[in-house]
Amino acid sequence: MTLPADAHVHSQFSWDAGSDPASVDLMRRTCARAVRIGLPALVFTEHLDLEDAWWVDEGDLDDHETRYVDADGMVRLPRFDLDGYLASIDACRHAFPDLRILTGLEFGQPHLWESAAASVLDIGAFDRVNGSLHMLPFRDGLRAEPMTLFRHRPAADVLWAYLDEVPRMVAGSDVVEVFTHIDYAVRSWPSETEGPFDPRVFEDGFRAAMRAIAGSGRALEMNTRRLWSWIPEWWVDEGGRAVTFGSDAHAPEVLAHGFPEAVAMVEHYGFRPGSRPEDPWTLR
């Protein structure tokens, strides 16, 4: 099997990976891992998070990330090191000439921050811009991730709010090419109190979100942290015509995790590769 590009990969230039002491030289080590496993291409989609009112409960972030949380529970992220990132990309391209190494961003809440991101986006240095919905309104002008909101609101309300926000994000951003991990809120679903997550309960919401993404002509990421067959099935039903593959790797060991299974799954629904490994797969 020829693997597609892993189009959602992080290195030391993403704040949640770069704050870990083990992240030193992470980009180079990830490229070396790609060569070892026969991955033809990858896209380093570093976090571009410009949130200025992100509130967390104690324990919401990993230990190595707590350096960014102030005494009031507000997350203050460092500025994206664009120059360092591009220099590291260039060095890796020279070190691994047979590996296709593409530039990218994972832009959080682009419908709220597109103007503020102009200084980064307008240089035209990125091969791929993924869009992610990580946060929702909380209270008093604050925003929070689903893992936090699940402790303060009924679980179903959080999921519906997340799905209702997707069409607003799609309509409010022109720069995003791919919508990532549409199941992001499910990652922190409180199964201890709510039981296993049942997507059928929220089917109408997922389908409406997918219709909005498909109607905009964007691709939907098959995020391989979890392989849900209902995602490509409903995506095709709602007019989706393109998918990408992303491991969301923050460490070399999980690069392209689950890709053979993901490829088999989307092939079942009619998707086929493009001419280059980084091209979205499309219905034929």
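Residues numbered from 1 in each chain as written. Predicted model: local features only at pLDDT ≥ 70, side-chain atom pairs only at ≥ 80, totals over all residues. Heavy atoms only, no water.

A.B. asks: I keep staring at the nonpolar core and nothing clicks. Help me out?
C.D. replies: One finds Phe44, Phe80, Tyr85, Ile101, Leu159, Ile182 and Phe206 to be the most contacted residues of the largest nonpolar core, which totals 74 residues. Among the elements that make up this core, the one with the highest residue count is helix H7 (residues 155-171) (eight residues). Membership of the second largest hydrophobic core comes to seven residues, among which are Trp15, Trp54, Val56 and Leu61. (Core = buried A, V, L, I, M, F, W, Y, C linked by side-chain atoms within 4.5 Å. Buried < 20%, exposed > 50% of the residue type's maximum accessible area, 1.4 Å probe, protein only. Helix = DSSP H or I, 4+ residues; strand = E, 2+ residues; numbered from the N terminus.)

A.B. asks: So what exactly am I meant to see when it comes to the packing of aromatic side chains here?
C.D. replies: We describe a pair of aromatic rings using the distance from one ring centre to the other and the angle between the two ring planes. According to the stated counting rule, one finds 18 aromatic pairs in the structure shown. Ring-pair connections join several aromatic residues into one group, and the members of that group are Phe150, Trp160, Trp189, Phe197, Phe202, Phe206, Trp228, Trp230 and Trp234. Residue placement shows Arg139 over the ring face of Trp55; its charged tip is 5.5 Å from the ring centre. (Phe/Tyr/Trp six-rings, centres within 6.5 Å; stacked < 30°, edge-to-face > 60°. Lys NZ or Arg CZ within 6 Å of the ring centre and 35° of its normal.)

A.B. asks: Explain the sheet that holds strand E9 (residues 242-246) here, please?
C.D. replies: Where strands meet in a sheet, backbone hydrogen bonds hold them as pairs that are either parallel or antiparallel. The nine strands are arranged E1-E2-E3-E4-E7-E8-E9-E11-E10 in an open sheet whose pairing can be described as mixed. The open sheet has two free edges, formed respectively by strand E1 (6-9) and strand E10 (271-272), since each of these has just one partner strand. With two bridges connecting them, strand E7 (residues 178-179) and strand E8 (residues 219-223) associate as parallel partners. Looking at the pairing, Val178 lines up with Ala219 of E8. Relative to the sheet, helix H11 (residues 259-268) contacts E1, E8, E9, E10 and strand E11 (281-283), its axis offset from that of E9 by approximately 170°. (Pairing = 2+ DSSP bridges. Contact = heavy atoms within 4.5 Å. Axes fitted to C-alpha atoms, helices over the stretch in contact; angles between N-to-C directions.)

A.B. asks: In this structure, what is going on with the pairing of strand E4 (residues 128-132)? I would like to understand it.
C.D. replies: In summary, the side chains of a regular strand alternate between the two faces of the sheet. Summarising burial for E4: five of the five residues are buried, a large majority. Every second residue of E4 is oriented toward a common face, with Arg128, Asn130 and Ser132 on one face and Val129 and Gly131 on the other, all of them buried. Relative to E4, strand E3 (residues 100-108) is paired through five bridges, and the arrangement is parallel. Considered in E4, the bridge of Gly104 is made with Arg128.

A.B. asks: Explain the state of the cysteines here, please?
C.D. replies: A complete count under the given rule lists zero disulfides for this structure. Cysteine Cys31 shares no disulfide, and the gap to the nearest cysteine sulfur, in Cys92, comes to 4.0 Å. (Disulfide = S-S within 2.5 Å.)

A.B. asks: Would you explain the pattern of salt bridges in this entry?
C.D. replies: Side-chain pairing between opposite charges can occur once the charged atoms of the two side chains come close. Counted by the stated rule, this structure contains 17 salt bridges. The partner of Asp70 in a salt bridge is Arg76, and the shortest N-O contact between them spans 3.5 Å. Here Arg168 and Glu165 are joined by a salt bridge, their closest N and O atoms 2.9 Å apart. With Arg168 and Glu165 both in helix H7, this residue pair falls three residues apart, about one helical turn. Here Arg168 falls in the partly exposed class, since its relative accessible area comes to 47%. Owing to a relative accessible area of 9%, Glu165 belongs among the buried residues under this scheme. (Salt bridge = Lys/Arg side-chain N within 4 Å of Asp/Glu carboxyl O.)

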